Amino acid sequence: MSDASIWLVEDDRSIGAALLRTLLAEGYRAQWAASIAEARALEGVPDLVVLDRGLPDGDGLGLCRELLEQHAGLRVLMLTARTDEIDVVLGFDAGATDYVAKPFRLAELLARIRAQLRVGVVGRQQAVEVGDLQLDPGSRRVHVAGEEVLLRPKEFDLLARLADEPGSVVRRETLMSDVWDSHWFGGTKTLDVHIAALRRRIDPTHGPSRITTVRGVGYRLERP
Ligand code: CA
């Protein structure tokens, strides 16, 4: 997918210019915006957005949410100097699919971009039904008892991974490496945060969760 469309939103002129040159040289269809306003004016549909947070006209988090509402299944790689745990969690909660700290290593960033674009392609499998839960990877839509449930990209990926093996425990390490990058540096607290969010969205108001915690091992999506 080397002709993928990448939007780069970065106000640092030297980083922006260098990255744009590199992405174009790699064969991507890359466009560069130096502000939120410029990003809104970009044309076409991106496969991936490389997004800075500290932008002259606002926080990239808001733009992240906005772009995800417009483009279902979009991958968003946050590239930012804000690396406190709370910032990373906020980034993922806004729908970012990867998070890279500045200063960054170019080869690693390019590898992560390739990984993000692979996930976008591989993510298309057959629709799955587990009881009254339906998950369609093609459209990235989820229905519970006939009602559509809106999930953030990582929540969807996580549910899709659990739904690959309903009734079986999927190990924490497996979830981390399949849903996040295998060399993700943030520890597995991110996983628990996303499971909690997923439960809030798909679980019935009363009764047990659809997702069982198997302490010290992983999680299981229950068959009815
Ligand atoms: Ca900046």
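Analysis parameters
Residues numbered from 1 in each chain as written. Predicted model: local features only at pLDDT ≥ 70, side-chain atom pairs only at ≥ 80, totals over all residues. Heavy atoms only, no water. Core = buried A, V, L, I, M, F, W, Y, C linked by side-chain atoms within 4.5 Å. Buried < 20%, exposed > 50% of the residue type's maximum accessible area, 1.4 Å probe, protein only. Helix = DSSP H or I, 4+ residues; strand = E, 2+ residues; numbered from the N terminus. Domains from an automatic or database assignment. Contact = heavy atoms within 4.5 Å. Pairing = 2+ DSSP bridges. Axes fitted to C-alpha atoms, helices over the stretch in contact; angles between N-to-C directions.

Trainee: Mind showing me how you'd approach the nonpolar core here?
Mentor: The tendency in soluble globular proteins is for nonpolar side chains to be buried side by side. Grouped together as the largest cluster of nonpolar side chains are 48 residues, with contacts concentrated most on Leu-51, Val-142 and Leu-159. Ranked by the residues each element gives to this core, the list is headed by helix H6 (residues 153–164), at six residues. Residue assignment places this core across two domains, with domain 1 (5–121) and domain 2 (128–221) each supplying three or more. Not counting residues within four places of it along the chain, the set of residues in contact with Val-142 comprises Leu-133, Gln-134, Leu-135, Glu-147, Glu-148, Val-149, Leu-151, Phe-156 and Leu-159. With 17 residues, the next largest nonpolar core counts Leu-19, Val-50, Val-100 and Leu-117 among its residues.

Trainee: Looking at this structure, how should I read the environment of Arg-40?
Mentor: Residue placement: Arg-40 occurs in helix H2 (residues 36–40). Under the relative-accessibility criterion, Arg-40 is labelled exposed at 54%. C-alpha separation for the pair Arg-40 and Ala-115, spaced 75 residues apart in sequence, amounts to 25 Å.

Trainee: Would you take a moment to explain the sheet that holds strand S9 (residues 133–136) for this structure?
Mentor: The strands that make up a sheet pair up through hydrogen bonds in the backbone, lying either parallel or antiparallel. Strand order in this open sheet of four strands is S8-S9-S10-S11, and the pairing throughout is antiparallel. Strand pairing shows two members of the sheet lacking a second neighbour, strand S8 (128–130) and strand S11 (147–149), which therefore form its edges. Taken pair by pair, the neighbouring strands of this sheet meet at an average axis angle of 25°, ignoring direction. As paired strands, S8 and S9 are joined by three bridges and run antiparallel to one another. When the sheet's bridge partners are listed, Val-128 is paired in S9 with Leu-135. Its contacts with the sheet put H6 on S8, S9 and strand S10 (141–144), and the angle it makes with S9 is roughly 110°.

The analysis is restricted to geometry; functional conclusions fall outside its scope.
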